[in-house]
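Topology and contacts: notes
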Amino acid sequence: MTRKTFRLSELFGLKTVVMMSGLPGGGPDDKFPNWVVTSWPPETLVMLEYQWNEVAIPYWREIVKVANRHGVTRLALEPHGCQLVHDVENFRRLRQATDETVGFNLDPSHLFWMGADPLIVARELAGAIYHVHVKDVRIEKPAAVNTLLDGKGVLEFASRSWNFAIPGYGHDERWWREFFVTLKMVGYDGVLSIEHEDYTMDTLTGLKKSVALVAGNMP
């Protein structure tokens, strides 16, 4: 599917493709991805070694070459749970193992629930941000007892520890104004893509509110 996307991008003359890094299993016999987020038990470090050096780096070195052959020069990786690249440190590790074709899709929503600060991330990644998603997260009261590690379905929003939200419904308008200004300061002048996944309101209402916030707070 990735290679087909590159071929389609070439037909349209597109240089940027937004995607995720993917996640290997923990070993050659695993059938499902294995997201390692702790260093204990010690087997997790063996899994990470396999995921990075045996699977991810060889794959991404090849996929960058394939992308470039089709005129795609920017791959914007979105930090996301259950992905090998879910934060800045792992993004840098993959970029150093490949080249500057690999960039960042800055989606504040995932960074919020994983505990990062998107404003600081934007400053850290000046020049490497290839795409931006406008999507918020609201931390809910169940997080106080269940932590932010939540595997419940997104439609179970009444009992989740966190929920996707339209901008302004997780972090206030002032935060979003600072986010847009920060993007401008670090040289980003590309797309702001509204990604609606707020299941507490219908899509059209959410888009209207999101557009109004973005339009009213752009520098």
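The model shown is predicted, which means the values in this text are computed figures rather than measured ones.

1. With respect to the overall build of the protein
- Of the regular secondary structure elements, the protein holds eight helices and seven strands.
- Taking 17 Å as the expected radius of gyration for a compact globule of 219 residues, we find that the protein reaches 18 Å, a close match to that expectation.
- Sorting the 219 residues of the protein into buried and exposed places 43% on the buried side.
- Sequence separation of at least 24 residues holds for 73% of the intrachain contacts in the protein that already meet a minimum separation of 6.
- In the structure as shown, the protein presents an accessible area of about 11,800 Å², 57% of it carried by carbon and sulfur atoms.
- For the protein, the separation between the mean place of its 23 positive charges and that of its 27 negative charges on side chains is 5 Å.

2. Observations concerning the pattern of salt bridges
- According to the stated counting rule, one finds seven salt bridges in the structure shown.
- When the shortest N-O distance is used, the salt bridge between Glu-124 and Arg-92 registers 3.0 Å. On the criterion of sequence distance, the pair formed by Glu-124 in helix α5 (residues 118-124) and Arg-92 in helix α3 (residues 88-97) is long-range, its members being 32 residues apart.
- According to the relative accessible area criterion, Glu-124 is partly exposed, its value standing at 45%.

3. A word on empty space enclosed by the protein
- Under the criterion given, the structure shown has one cavity of 30 Å³ or more.
- For the largest cavity, the full set of lining residues is Val-154, Phe-157, Arg-160, Trp-162, Asn-163, Phe-164, Glu-197, Asp-198, Tyr-199 and Thr-200.
- Residue classes in the lining of the largest cavity are distributed as five nonpolar, two polar and three charged.

4. A short note on the packing of aromatic side chains
- According to the stated counting rule, one finds 10 aromatic pairs in the structure shown.
- For the ring pair Phe-91 and Phe-104, a centre distance of 5.2 Å and an interplane angle of 75 degrees mean the geometry is edge-to-face. Separated by 13 residues along the polypeptide, Phe-91 in helix α3 and Phe-104 in strand β3 (residues 102-106) bring together distant segments of the chain.
- One aromatic cluster is present, formed by Phe-112, Trp-175, Trp-176, Phe-179 and Phe-180 through successive ring pairs.
- Against the face of Trp-162 rests Arg-160, its NZ or CZ located 4.4 Å from the ring centre.

5. Digging into the environment of Asn-34
- If you trace the backbone, Asn-34 turns up in the loop between β1 (16-19) and α2 (43-69).
- Between the C-alpha atom of Asn-34 and that of Gln-51, which follows or precedes it by 17 residues, the distance is 9.0 Å.
- Sequence-distant contacts of Asn-34, that is, excluding residues within four places in its chain, are made with Leu-23, Pro-24, Gly-25, Gly-26, Met-47 and Gln-51.

6. So, a positive patch on the surface
- A surface patch of positive charge is lined by Arg-3, Arg-61, Lys-65 and Arg-69.
- A per-element tally of the positive patch places α2 first, with three residues.
- Mapped onto the elements of the fold, Arg-61 is located in helix α2.
- Given a relative accessible area of 46%, Arg-61 falls into the partly exposed group.

7. Overview of the packing of helix α1 (residues 2-12) against α2
- Packing of α1 against α2 brings their axes to within 9 Å, and their N-to-C directions diverge by 20 degrees. Judged by the inter-axis angle, α1 sits roughly parallel to α2. Helix-helix and strand crossings are classified by hand; for α1 and α2 the assignment is right-handed. Here Thr-2, Arg-3, Phe-6 and Glu-10 of α1 come into contact with α2, specifically with Tyr-59, Glu-62, Ile-63, Val-66, Ala-67 and Arg-69.
- Counted by class, the contact of α1 with α2 contains five nonpolar, one polar and four charged residues.

8. Comments concerning the nonpolar core
- Counting 47 residues, the largest nonpolar core has Phe-6, Leu-75, Leu-106, Ile-129 and Phe-179 as its most contacted members.
- Among the elements that line this core, the one with the most residues is α2, at eight residues.
- Aside from chain neighbours lying at most four places away, what touches Ile-129 is Phe-104, Leu-106, Ala-122, Leu-183, Val-186 and Tyr-188.

9. Remarks on a nonpolar patch on the surface
- Taken together, the side chains of Leu-8, Leu-11, Phe-12 and Leu-14 make up a nonpolar region of the molecular surface, amounting to roughly 480 Å² of accessible area.
- The residue Phe-12 is located in helix α1 in this model.
- Assessed through its relative accessible area of 62%, Phe-12 is described here as exposed.

Rules used throughout
- Residues numbered from 1 in each chain as written.
- Predicted model: local features only at pLDDT ≥ 70, side-chain atom pairs only at ≥ 80, totals over all residues.
- Heavy atoms only, no water.
- Helix = DSSP H or I, 4+ residues; strand = E, 2+ residues; numbered from the N terminus.
- Rg over C-alpha atoms; globule rule 2.2 N^0.38 Å.
- Buried < 20%, exposed > 50% of the residue type's maximum accessible area, 1.4 Å probe, protein only.
- Contact = heavy atoms within 4.5 Å.
- Areas by Shrake-Rupley, 256 points an atom, 1.4 Å probe, with all protein chains shown as cover.
- Lys, Arg positive; Asp, Glu negative; His and termini not counted.
- Charge placed at Lys NZ, Arg CZ, Asp CG, Glu CD.
- Salt bridge = Lys/Arg side-chain N within 4 Å of Asp/Glu carboxyl O.
- 1 Å grid on protein atoms, 1.4 Å probe; cavity = no way out; pocket = protein on both sides within 12 Å on 5 of 7 lines; lining within 4 Å.
- Points joined across faces, edges and corners; volume = space filled by probe spheres on them.
- Nonpolar A, V, L, I, M, F, W, Y, C, P; charged D, E, K, R; others polar.
- Phe/Tyr/Trp six-rings, centres within 6.5 Å; stacked < 30°, edge-to-face > 60°.
- Lys NZ or Arg CZ within 6 Å of the ring centre and 35° of its normal.
- Patch = residues over 30% accessible without salt bridge, like charges linked within 9 Å, V, L, I, M, F, W, Y side chains within 5 Å.
- Axes fitted to C-alpha atoms, helices over the stretch in contact; angles between N-to-C directions.
- Parallel < 35°, antiparallel > 145°, perpendicular 65-115°, else oblique.
- Left-handed = near helix turned anticlockwise from the far one by under 90°.
- Core = buried A, V, L, I, M, F, W, Y, C linked by side-chain atoms within 4.5 Å.

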